[in-house]
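# Topology and contacts: notes
Take a look at the letters that make up each chain.
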Amino acid sequence: MTTGTIFSIEEFAIHDGPGIRTTVFLKGCPLRCTWCHNPEGQGFEPETMVKKGEKSVCGERISPEKLVAKLLRNEEIFKMNGGGVTFTGGEPLSQAQFLLEVLEKLGGRIHTAIETSGYAPKEVFRKVTDKVDLVMMDIKMVDPKRHREWTGLSNALILSNLETLIGSGKPFIARIPLIPGVNDDRENLEKTAVLLEGATGLQRVELLPYHKTAGAKYPMVAREYLPGFDTEIPPRLDTEPFEKRNIKTMIL
Ligand code: SF4
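Let me sum up the structure you'll find in this document.

Here is what the cut-offs are and how they apply
- Residues numbered from 1 in each chain as written.
- Predicted model: local features only at pLDDT ≥ 70, side-chain atom pairs only at ≥ 80, totals over all residues.
- Helix = DSSP H or I, 4+ residues; strand = E, 2+ residues; numbered from the N terminus.
- Rg over C-alpha atoms; globule rule 2.2 N^0.38 Å.
- Buried ≥ 20, exposed ≤ 12 C-beta atoms within 10 Å, placed from the backbone.
- Contact = placed C-beta atoms within 7 Å.
- Pairing = 2+ DSSP bridges.
- Axes fitted to C-alpha atoms, helices over the stretch in contact; angles between N-to-C directions.
- Parallel < 35°, antiparallel > 145°, perpendicular 65-115°, else oblique.
- Left-handed = near helix turned anticlockwise from the far one by under 90°.
- Nonpolar A, V, L, I, M, F, W, Y, C, P; charged D, E, K, R; others polar.
- Arc of directions from axis to C-beta.
- Core = buried A, V, L, I, M, F, W, Y, C linked by C-beta atoms within 7 Å.

### Brief notes about the overall build of the chain
Broken down by element type, the chain carries eight helices and 11 strands. Taken over C-alpha atoms, the radius of gyration comes to 18 Å for the chain, in line with the 18 Å a tight globule of 252 residues would show. Dimensions of the chain, computed from the C-alpha atoms along their principal axes, are close to 45 × 45 × 30 Å. Relative to its full complement of 252 residues, the chain shows a buried share of 41%. Relative to all contacts within the chain whose residues are 6 or more apart in sequence, the contacts with residues 24 or more apart total 74%.

### Here we look at the pairing of strand 1 (residues 4-13)
The pairing of strand 1 with strand 5 (residues 60-62) spans three bridges and is antiparallel. The partner of Ile6 across the bridge, within strand 5, is Glu60. Here strand 1 pairs with strand 2 (residues 21-26) via five bridges, running antiparallel. Across the sheet, Ile9 pairs through a bridge with Val24, a residue of strand 2.

### Points about the packing of helix 3 (residues 96-106) against helix 4 (residues 122-131)
Where helix 3 meets helix 4, the axes come as close as 10 Å, and the angle between the chain directions of the two elements is 20°. With respect to helix 4, the element helix 3 is oriented roughly parallel. Classified by chirality, the crossing of helix 4 by helix 3 is left-handed. Residue-level inspection shows Ala96, Leu99, Leu100 and Leu103 of helix 3 in contact with helix 4, the latter providing Val124, Lys127, Val128 and Lys131. Its residues assigned to classes, the contact of helix 3 with helix 4 shows six nonpolar, no polar and two charged.

### Structural notes on the sheet that holds strand 1
If you walk across this open sheet you meet the nine strands as 5-1-2-6-7-8-9-10-11, and the pairing is mixed. A single partner strand is all that each edge strand has here, and the edge strands are strand 5 and strand 11 (249-251). Taking the axes of each pair of neighbouring strands and ignoring which way they run, one obtains an average angle of 30° across the sheet.

### Notes on the packing of helix 1 (residues 64-72) against helix 3
Contact geometry of helix 1 with helix 3 gives a least axis separation of 9 Å together with a crossing angle of 50°. In terms of axis orientation, helix 1 runs oblique to helix 3. The two elements helix 1 and helix 3 cross, and the hand of that crossing is right-handed. Contact residues: helix 1 offers Pro64, Glu65, Leu67, Val68 and Leu71, while helix 3 offers Phe98, Glu101, Val102, Lys105 and Leu106. Its residues assigned to classes, the contact of helix 1 with helix 3 comprises seven nonpolar, no polar and three charged.

### Focus on helix 7 (residues 186-196)
Restricting attention to buried positions, one finds in helix 7 the residues Asn188, Leu189, Thr192 and Ala193. Along helix 7, the residues classed as buried sweep out an arc of 135° about the axis, all on the same side. In helix 7, the exposed positions angled more than 90 degrees off the buried face are occupied by Arg186, Glu187 and Val194. Lining the buried residues of helix 7 we find strand 9 (172-178) and helix 8 (240-243).

### Topic: the environment of Ile110
Here Ile110 is to be found in the loop between helix 3 and strand 7 (111-116). Classification of Ile110 by C-beta neighbours within 10 Å gives buried; the count is 22. Each C-alpha atom of the pair Ile110 and Ser8 lies 20 Å from the other, and the pair is 102 residues apart in sequence. Excluding its chain neighbours within four sequence positions, the residues that come into contact with Ile110 are Leu71, Glu75, Phe78, Gly84 and Val85.

### A word on helix 5 (residues 144-151)
The complete set of buried residues in helix 5 reads His147, Trp150 and Thr151. Buried residues of helix 5, seen end-on, are gathered within an arc of 80° and therefore sit on one face of the element.

### Some points on the nonpolar core
Grouped together as the largest cluster of nonpolar side chains are 59 residues, with contacts concentrated most on Val135, Met136, Met137, Phe172 and Ala174. Look past the residues within four positions of Met136 in its chain and what remains in contact with it is Gly17, Ala113, Ile114, Glu115, Phe172, Ile173 and Arg175.

It is worth stressing that arrangement in space is one thing and function is another; only the former is reported here.
Structure, rendered in structure tokens:
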């Protein structure tokens with residue numbers, strides 16, 4: 001039997017897609033972005049977390065049936081405002097089989113969205129994005145060398161999946177975390193805008209400025225926060241590369 005590993009379910013979320021949503025956080029991510037604010041979501045297995053001296057286990061195994069039952073509890077509320085569920089993480093595509101079963105069992109009864117780094121085998125990416133209503137895809141950096149330096153992995157697969165997504169016409173939101181001195185330069189944003197220009201499914205670009213509190217959870221999972229950039233400098237909030245190409249842009 002397929003089970004998934006999740007580390008949080010947040011109900012009544014309003015920033016993870018349209019309407020009021022339930023956000024499901026799936027555990028495990030192949031990337032290691034130095035600014036990641038969810039270090040407890042990176043490992044694939046449940047792990048010990050210590051919050052204010054209290055020990056707990058972060059990560060719970062759950063069957064698709066049980067998760068679907070939880071999600072459908074709010075079906076009427078979702079219907080009233082066009083809300084639904086957003087799967088995030090970690091990297092939800094790392095648990096694609098589980099996700100596909102959940103989507104299958106939801107059977108289109110509620111709006112579904114996925115927030116992904118785009119790092120997944122092409123076939124997996126295509127299968128899952130085909131089944132959801134909205135894709136929220138992070139685009140961190142276009143330069144492959146810098147991407148590897150700051151996230152631990154090449155972006156070749158991510159950019160290839162972005163191309164597939166654009167080609168499919170599926171509604172999507174491109175999310176860019178703005179990290180000071182890492183990817184907030186004009187050159188990177190211009191290159192990102194060029195990739196997105198003319199994409200018919202693109203609803204908007206969302207810029208997510210880095211926040212100093214990102215490192216808060218590292219001590220809870222016995223890790224040191226080593227961002228590698230100056231966290232005191234605010235990121236550049238540059239929307240021009242997108243707006244001059246008529247791409248709707250929001251700063252969150
Ligand atoms: S892709 Fe997201 S979850 Fe994974 S390490 Fe980067 S910021 Fe964290």
